[in-house]
Amino acid sequence: MRILGIDPGLRRTGFGVIDVQGTRLQYVTSGTIVVPADQPLAGRLKVILDNIREIVQSARPTVSALEKVFVNTNPASTLLLGQARGAAMCALADSLLEVHEYTALQIKKSVVGNGHAAKEQVQKMVQHLLGLNGLPAADSADALACAICHAHFHPLKQRLQDTGVLAAGRASRIRGGRLLG
């Protein structure tokens, strides 16, 4: 399975691609889409859309993972972040990729073991888990962490669906390793 992780942002959108074979994770590519701040909002969203489409074409992922938007104290910032996330999601959907969503808390807990880990801790664990020579940039590390999170969660979700415990169309979720009804 090849996973494309996306850390959406209106100024900087991180992306990271990993291959997964069993429990083995292998780095493929990562980077940051830098969105020009001098463009109108529609143009900035198009930059995100076009770049993610291009990444999908070149990296050929089989699935994608996207960080969910958190609500912060500034509603205008939250709305703008949601629009950047929407542009990324549209690019993924347009490329016919299955999209899985994870909160920052889930991602950090999956990668670091602590849902409130600092960015530096995430960067160091991503470097360690993928065997990278250097520390990845913050946006790339967050996107790679999102992909790693999916690599950790996917086998459990798949097994629960295969056994019928987690049925399609049923309102069940997994939180903290527990199945919620």
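Details of the structure are given in the entry above.
Predicted model only: the values in this text are computed from it and were never measured.

**Some thoughts on the pairing of strand β5 (residues 99-102)**
Part 1 of the reasoning: Burial along β5 is one-sided: the face carrying H100 and Y102 is buried and the face carrying V99 and E101 is not.
Part 2 of the reasoning: Bridge count between strand β4 (residues 63-67) and β5: four bridges; the pairing is parallel. In the sheet register, A65 faces β5, and the bridge partner there is H100.

**What about the sheet that holds strand β2 (residues 12-21)?**
Part 1 of the reasoning: Taken in spatial order, the five strands line up as β3-β2-β1-β4-β5 in an open sheet, and their pairing is mixed. Two strands bound the open sheet, and with one partner strand each, they are β3 (24-34) and β5. Taken pair by pair, the neighbouring strands of this sheet meet at an average axis angle of 20°, ignoring direction.
Part 2 of the reasoning: Relative to β3, β2 runs antiparallel, the two sharing 10 bridges. Each residue of the ladder has a partner; that of Q21, found in β3, is R24.
Part 3 of the reasoning: Seen against the sheet, helix α2 (residues 75-94) touches β1 (2-7), β4 and β5 and runs at an angle of roughly 175° to β4.

**What to know about the packing of helix α1 (residues 41-59) against α2**
Part 1 of the reasoning: Packing of α1 against α2 brings their axes to within 8 Å, and their N-to-C directions diverge by 35°. Crossing of α1 over α2 shows right-handed handedness. Here L41, L45, I48, L49, I52, R53 and V56 of α1 lie close against α2, whose contacting residues are L80, Q83, A84, A87, A88, C90, A91, L92 and D94.
Part 2 of the reasoning: Here the residues of the contact of α1 with α2 are counted per class, giving 13 nonpolar, one polar and two charged.

Definitions and cut-offs
- Residues numbered from 1 in each chain as written.
- Predicted model: local features only at pLDDT ≥ 70, side-chain atom pairs only at ≥ 80, totals over all residues.
- Heavy atoms only, no water.
- Buried < 20%, exposed > 50% of the residue type's maximum accessible area, 1.4 Å probe, protein only.
- Helix = DSSP H or I, 4+ residues; strand = E, 2+ residues; numbered from the N terminus.
- Pairing = 2+ DSSP bridges.
- Axes fitted to C-alpha atoms, helices over the stretch in contact; angles between N-to-C directions.
- Contact = heavy atoms within 4.5 Å.
- Left-handed = near helix turned anticlockwise from the far one by under 90°.
- Nonpolar A, V, L, I, M, F, W, Y, C, P; charged D, E, K, R; others polar.

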